[in-house]
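Fold and contact review
Below are the chains, spelled out letter by letter.
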Amino acid sequence: MHPAFSVVFLTTLIGVGQGLFLALYTGQVYSVFKVLPVQDSANFYGIGSGIAVIFAASGLLASFFHLGHPERAWRSAARWRTSWLSREVIVLPAFMGVTALYGLVHYSGWNPVLFTLRGTVEVDLSLLIGAINTVIAFALFLSTAMIYACIKFLQEWASPLTVVNYTLLGSASGFTLATAFAAYQGSDLTQFYGAWAIILTVAGFITRLSSLIRNARIKHKSTIGTAIGIRHAKIVQKSQGFMTGSFNTREFFHGAPASVFTAVKWLFLITVFPVPIFLLSIGLAAQAAAVLVLAFVVQYLGLIAERWFFFAQSNHPQNLYYQTV
Amino acid sequence: MTQLALVIDLNVCVGCHACVTSCKEWNTSGTAGYMSDMNPYGKDPTGTFFNRVQTFEIGEFPNSETVHFPKSCLHCEDPPCVPVCPTGASYKRESDGIVLVDYDKCIGCKYCSWACPYGVREIDEHQKVMKKCTLCVDRIYDQALPERERKPACVLACPTNARLFGDVNDPASEAAVAIRERGGYQLMPEWGTKPANHYLPRRKTSITIHEDELVRVDNPLKKERQLPMPDKDAPTLDDVTSW
């Protein structure tokens, strides 16, 4: 497939937003159970949620550049019963809205205690909104990944690993950003977020590597023989019906030389996983917020390469019809 | 349930591209708007087409043959492009099984083209909506046309009658009979899309002749006997036997 940068930015940016929100809420839940110290509502959760909304909104903005008719985008919520894309179109604004609400409740300080669990755990409004938004965040990971994983003949994508990778890589980048954010805020949660960022990055490395190994061994069901319905060991295309390209040759081939393709794979394998882990370790040990920001920037740029490779690696069966001019 | 479709006979397709040009001509002049071309007279012309003829070589010389392969939307009975459409612009008609795009609802997200294994959907670079073969839906029901012309433009244009049009679910239709009796098959059956369009395979007409069928055992007139010819009055086999 030809990687569209609008979609590359959409999927990576909203992943950071979702991961950052999940990090903030994890911190809050831990503090409710008195495992971690309570953070300042307005400065920490309020501004943190604002950053998460900005990332998700930038992703949404990027997605509009993918559309031929962005002014009709509202129509795309119609077919949520059958289309994962439609589901994403509904869940993404919901995530942005509820994250903004979560941030607003914290920022304004209007956060009444709704009920008390077992007489000790006070459940306030933000905790309830956050719980709902956690479900929405995971639903968004699911719908984004299922857009790709549900197309069964794009065999590189049609795997549960796609959903796992989107979830883990989005969460990892969000937790890395949360680490840098907490460090700038001088929060006690820096070490907590940093540890989770490293754990999620390692987990993401394992699952992304699994999908790379799976895809390297993949056996495509469609062949030129099934494509034109003729059984012969040697079938060579002599003409694709036109000389100078069409939508079929532009949309479904990445067009990059094999050397670039391989280079991007190694680039993302290095910049998404070992380098951020190294920078996070240094930043956490030395209490250097700038190094933690660098860890996030490197990981995010690496994720752009990762997503480019994700699209470029999938082989569409229609390419069997377009092998020779 | 009616399922209109094309049946394409690869045995007689000569790869003349008449179906391609007639399709473009008819559909670019239609009420749904033109099928745009980019740079049509320039260096790298490209444009929107619903139908293409491709050419494949099967085998290796001298045991090779050329197969011309027309490809357009197959109007699948279980079309994977329809459920993925977020707006409902892409739909399959209940009444006749034609898969269509509502150009006024399409947002141009291209997701349906990703979800089609056959690569028969194309985005129109000017109108920015997804387009595909409509089986000339504006023509096949047009009461103003004589009945014999109520067929897709490609079918009417084919000089070798390689394209048959009809309801593949009606056992008596020309298309269904051709599929049944001439080995009609579907493309990429492995994905369960159940394409309505079928292809008829290449066929070789051959007979087996044995040696003894070339030389007549009995030769009553002695026409093929070695020279010199025997006397006409000499007895023939019929004279000496009594059957």
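Everything that follows concerns the structure shown earlier in this document.
Bear in mind the structure is a predicted one, so any value in this text is a computation, not a measurement. Each residue is numbered by its place in its chain's sequence as written, counting from 1. By the order in which they are written, chains take letters starting at A while ligands take numbers starting at 1. This being a predicted model, a pLDDT of at least 70 is required before a residue's local features are given, and a value of 80 or more before pairs of side-chain atoms are given or counted; all residues contribute to the totals for chains, interfaces and linings. No hydrogens and no water enter the side-chain calculation; it runs on all heavy atoms of the structure.

Here we look at the layout of surface pockets
- Here the term cavity refers to a set of points on a 1 Å grid, laid over the protein atoms alone, in which a 1.4 Å probe fits but cannot get out; the term pocket refers to an open set having protein on both sides within 12 Å along at least five of seven lines, with lining residues being those that place an atom within 4 Å of a point. Grid points are joined across faces, edges and corners, and a volume is the space filled by probe spheres set on the points. Within this model, the largest pocket holds a volume of roughly 450 Å³.
- Here a strand is any run of E in DSSP of at least two residues, a helix any run of H or I of at least four, and the numbering for each starts at the N terminus. If you list the elements that add at least two residues to the lining of the largest pocket, you get α1 (5-32), α2 (41-64), α3 (84-108) and α4 (125-149) of chain A together with α2 (111-114) of chain B.
- The dominant element in the lining of the largest pocket, judged by the number of residues it contributes, is α3 of chain A, at six residues.

Structural notes on the nonpolar core
- Counting 137 residues, the largest nonpolar core has Tyr148, Tyr193 and Tyr321 of chain A together with Trp114 and Tyr118 of chain B as its most contacted members.
- Element by element, the count of residues in this core is highest for α1 of chain A, at 13 residues.
- Sequence-distant contacts of Tyr321 of chain A, defined by excluding residues within four places in its chain, comprise Ala227, Ile228, Gln237 and Gln240 of chain A together with Gln54, Phe69, Lys71, Pro117, Tyr118, Leu187 and Met188 of chain B.
- Listed in part, the 12 residues of the second largest apolar core include Leu269, Phe273, Leu303 and Ala312 of chain A. For this analysis, a nonpolar core means a set of buried residues of the types Ala, Val, Leu, Ile, Met, Phe, Trp, Tyr and Cys, connected via side-chain atoms within 4.5 Å. Buried means the residue's accessible area, taken with a 1.4 Å probe over protein chains only, is under 20% of the maximum for its type, while exposed means over 50%, and partly exposed covers the values in between. Whether two residues touch is decided by their heavy atoms; if any such pair falls within 4.5 Å, the residues are in contact.

Section: helix α5 (residues 160-185) of chain A
Residue and element names in this part refer to chain A.
- A helix is expected to span 1.5 Å multiplied by its residue count minus one. Helix length check: α5, at 26 residues, gives a terminal C-alpha distance of 37 Å against a target of 38 Å (1.5 Å per residue), a fit within 8%.
- Taken across its 26 residues, α5 has 20 buried, putting it largely inside the fold.
- Remark: Gly186 follows α5 within two positions and exhibits a positive phi of approximately 70°.

Concerning the side chain of Thr134 of chain A
- Mapped onto the elements of the fold, Thr134 of chain A is located in helix α4.
- Each residue touching Thr134 of chain A, except ones within four places of it in the same chain, is listed here: Phe21, Leu22 and Tyr25 of chain A.

With respect to the environment of Val120 of chain B
Residue and element names in this part refer to chain B.
- Secondary-structure assignment places Val120 in the loop between α2 and β8 (122-123).
- Taking C-alpha positions, Val120 is 12 Å from Leu100, a pair spaced 20 residues apart along the chain.
- Non-local contacts of Val120, meaning those with residues more than four positions away in its chain, are made with Lys71, Ser72, Cys73, Lys131 and Lys132.

Notes on unusual backbone geometry
All names here are of chain B.
- Cis geometry is found at the peptide bond from Phe61 to Pro62, where omega equals 5°.
- Relative to the assigned elements, Pro62 resides in the loop between β4 (51-60) and β5 (63-72).
- For His75, which is not a glycine, the phi torsion comes out positive at approximately 45°.
- Following the sequence through the fold, His75 ends up in the loop between β5 and β6 (90-92).

Some details on the sheet that holds strand β1 (residues 4-9) of chain B
Residue and element names in this part refer to chain B.
- Two strands are said to pair when DSSP picks up at least two bridges between them. Within the open sheet, the three strands sit side by side as β10-β1-β11. Their pairing is mixed. Each edge of the open sheet carries a strand with a single partner, namely β10 (163-167) and β11 (198-200). Between one strand and the next, the sheet's axes are offset by a mean angle of 25°, whatever the strand orientation.
- Sheet analysis places β1 next to β11, joined by three bridges and oriented parallel. Across the sheet, residue Asp9 finds its bridge partner in β11, namely Leu200.
- Against the sheet, helix α5 (residues 174-181) engages β1, β10 and β11, with an angle of about 110° to β10. Axes here mean lines fitted to C-alpha atoms, for a helix over just the part in contact, with angles spanning 0 to 180 degrees between N-to-C directions.

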